Amino acid sequence: MNKSISKIFSLDGPWGQAPSGGSNKPGRPITPESIDDLLKDLKNKYNFKMPFKGGVKGFSFLILLAIILWLLTGFYRVEPDEQGVELLFGKWNERTTASGLHYFFPTPIGKTLTPKVEAIRKINVGFRSNGEDTRDVLEESLMLTSDQNISDLDYTVLFRVKDAGQFLFNLRDPEETVKVISESVIREVVGKTRLEDLLTISRQSVERESRTLLQDLLDEYEAGILIQSIQLQDVNPPREVIDAFDDVQKAKQDKEKTVNQAEAYSNTIVPEARGNAEKILQEAEGYKNKLIKQAEGEASRFLQVLETYQSAKSTTKKRIYLETMRDVLKNSNKFMIDNDSGNGVVPYLPLNELTKNKNSESQNEK
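**A look at the overall build of the protein**
Here's step 1: When helices and strands are counted, the protein shows eleven helices and eleven strands.
Here's step 2: Counting only contacts in the protein whose residues sit at least 6 apart along the sequence, the fraction spanning at least 24 positions is 65%.

**What about the sheet that holds strand E3 (residues 91-97)?**
Here's step 1: As summarised here, the arrangement of the three strands in space is E3-E2-E5, forming an open sheet in which the pairing is antiparallel. Only two strands of the sheet have a single partner each, and these edge strands are E3 and strand E5 (110-113). Across the sheet, the mean angle separating the axes of adjacent strands is 25° when strand polarity is ignored.
Here's step 2: Looking at chain direction, strand E2 (residues 84-88) and E3 are connected through four bridges and run antiparallel. Its bridge partner lying in E3, Leu87 is registered against Trp92.

**Section: the environment of Leu306**
Here's step 1: Relative to the assigned elements, Leu306 resides in helix H9 (residues 242-311).
Here's step 2: For Leu306, a relative accessible area of 33% puts it in the partly exposed group.
Here's step 3: Separated by ten residues in the primary sequence, Leu306 and Thr316 have C-alpha atoms spaced 9.1 Å apart.

**Let's talk about the nonpolar core**
Here's step 1: Residues Leu153, Tyr155, Val157 and Ile227 are the most contacted members of the largest nonpolar core, which totals 31 residues.
Here's step 2: Listed by contribution, the elements that provide at least two residues to this core are E2, strand E6 (121-125), strand E10 (150-161), helix H5 (164-169), helix H6 (174-190), helix H8 (203-221) and strand E11 (225-236).
Here's step 3: Per-element accounting of this core gives the leading share, six residues, to H6.

**Some thoughts on unusual backbone geometry**
Here's step 1: In this structure, Pro108 follows Thr107 across a cis peptide bond, with omega equal to 10°.
Here's step 2: Here Pro108 is to be found in the loop between strand E4 (100-103) and E5.
Here's step 3: Here the phi dihedral of Gln148 falls at roughly 65°; this positive angle occurs in a residue that is not glycine.
Here's step 4: With respect to the secondary-structure elements, Gln148 resides in the loop between strand E9 (142-144) and E10.

**Digging into the layout of surface pockets**
Here's step 1: By volume, the second largest pocket is sized at about 200 Å³.
Here's step 2: Considering the residues around the second largest pocket, the lining is formed by Arg301, Gln304, Val305, Thr308, Thr316, Arg319, Ile320, Glu323, Thr324 and Asp327.
Here's step 3: Mapped by element, the contributors of at least two residues to the lining of the second largest pocket are H9 and helix H10 (313-329).
Here's step 4: No other element matches the six residues that H10 contributes to the lining of the second largest pocket.
Here's step 5: Among the residues making up the lining of the second largest pocket, the classes are represented as two nonpolar, four polar and four charged.

**Topic: the packing of aromatic side chains**
Here's step 1: With the rule as written, the count across this model stands at three aromatic pairs.
Here's step 2: When the centroid spacing of 6.0 Å and the interplanar angle of 15° are considered together, the rings of Trp92 and Phe169 count as stacked. On the criterion of sequence distance, the pair formed by Trp92 in strand E3 and Phe169 in helix H5 is long-range, its members being 77 residues apart.

**Notes on the packing of H9 against H10**
Here's step 1: Two numbers describe how H9 lies on H10: the axes approach to 6 Å, and their chain directions differ by 135°. The orientation of H9 relative to H10 falls into the category oblique. In this structure, H9 uses Arg301, Val305, Thr308, Tyr309 and Ser311 to contact H10, whose residues at the interface are Lys313, Thr316, Lys317, Ile320 and Glu323.
Here's step 2: When grouped by side-chain class, the residues that make up the contact of H9 with H10 number three nonpolar, three polar and four charged.

**Some details on the pattern of salt bridges**
Here's step 1: Tallying each qualifying case throughout the model produces 15 salt bridges.
Here's step 2: One salt bridge in this structure joins Lys116 and Asp81, with 3.2 Å as the shortest N-O distance. With a gap of 35 residues between them, Lys116 in the loop between E5 and E6 and Asp81 in the loop between strand E1 (75-78) and E2 connect regions that are remote in the sequence.
Here's step 3: Assessed through its relative accessible area of 43%, Lys116 is described here as partly exposed.
Here's step 4: According to the relative accessible area criterion, Asp81 is partly exposed, its value standing at 29%.
Here's step 5: Taking the shortest distance from any N to any O, the salt bridge between Glu86 and Arg95 comes out at 3.3 Å.
Here's step 6: When salt bridges with common partners are traced through the structure, they connect Arg128, Glu140, Lys179, Glu183 and Arg187 into a single cluster.

Quick notes on the rules
- Residues numbered from 1 in each chain as written.
- Predicted model: local features only at pLDDT ≥ 70, side-chain atom pairs only at ≥ 80, totals over all residues.
- Heavy atoms only, no water.
- Helix = DSSP H or I, 4+ residues; strand = E, 2+ residues; numbered from the N terminus.
- Contact = heavy atoms within 4.5 Å.
- Pairing = 2+ DSSP bridges.
- Axes fitted to C-alpha atoms, helices over the stretch in contact; angles between N-to-C directions.
- Buried < 20%, exposed > 50% of the residue type's maximum accessible area, 1.4 Å probe, protein only.
- Core = buried A, V, L, I, M, F, W, Y, C linked by side-chain atoms within 4.5 Å.
- 1 Å grid on protein atoms, 1.4 Å probe; cavity = no way out; pocket = protein on both sides within 12 Å on 5 of 7 lines; lining within 4 Å.
- Points joined across faces, edges and corners; volume = space filled by probe spheres on them.
- Nonpolar A, V, L, I, M, F, W, Y, C, P; charged D, E, K, R; others polar.
- Phe/Tyr/Trp six-rings, centres within 6.5 Å; stacked < 30°, edge-to-face > 60°.
- Parallel < 35°, antiparallel > 145°, perpendicular 65-115°, else oblique.
- Salt bridge = Lys/Arg side-chain N within 4 Å of Asp/Glu carboxyl O.

Put into structure tokens, the structure is as follows:
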């Protein structure tokens, strides 16, 4: 069968011209009659059942087949990291399709674009980086803070496409728009922040607030952009005053260090002083109570002695006399001399030796 078909097309090729590699003589012109004759020849030789009769109908069938094939080209596939944007006669029809298989009018009536939307895009503001070389752009990075200081601020905007149709057709230059709007937003937020806070504690809050304001503005413009983050890269005073600013910061750090040391000393000495004061107060209170109790005891004893004296005066006088002599003489050296001894001669008393012996006995007892 293949040889027969080759023989049929051997003279002029299937479309009325010499096949590739053959002679260059022109073939027969293509007409509906010639196509009809070719189909009839195939039908007679190989008993093909054709779906049509006559040359005009055969040509119409081919046109219908071509139309069907053309309509089938309207199917298109959107990958998971893409979005489909359908254009009708070159105009976006306000429709964006998700990943999967879809159908739209084929070319030239319709056209479908499938841009990547998951890739993270980056815009540097205040500086330009080319590999290892970084160039500062002062007209973008110099900003005024709330305390009338100037800051040199570089930052990076990370974003991705949220709606491919809006991204492609609502803005002429989406990336330039993001850059310009982000500058405006950052300047507004920095203008409400002190330079010292911007350098220390307010970096993250500035990033969050700037991202929120930028996203709101882009949504208002229907830019089809989702801001992932705004990252502050370098925040410094201008180069002309950075040395003076560093000196000021060092002075502030020294001041804070001194204040912290003073507070630490105060926190140490004040509780100690309060403790000592409380101790003195407690000792004074105890001494006061002791004296009061002693005075009350002495007064009670005196009253008891007075009551006893009033009931028995002579006995009480003698008792008081004896107790007094006991208290006076109990710690003194006493020598007892019998009046009847010595026959009128005063005896010799070695008082010095007796005193020494008394002192030795006292030390031995200790």
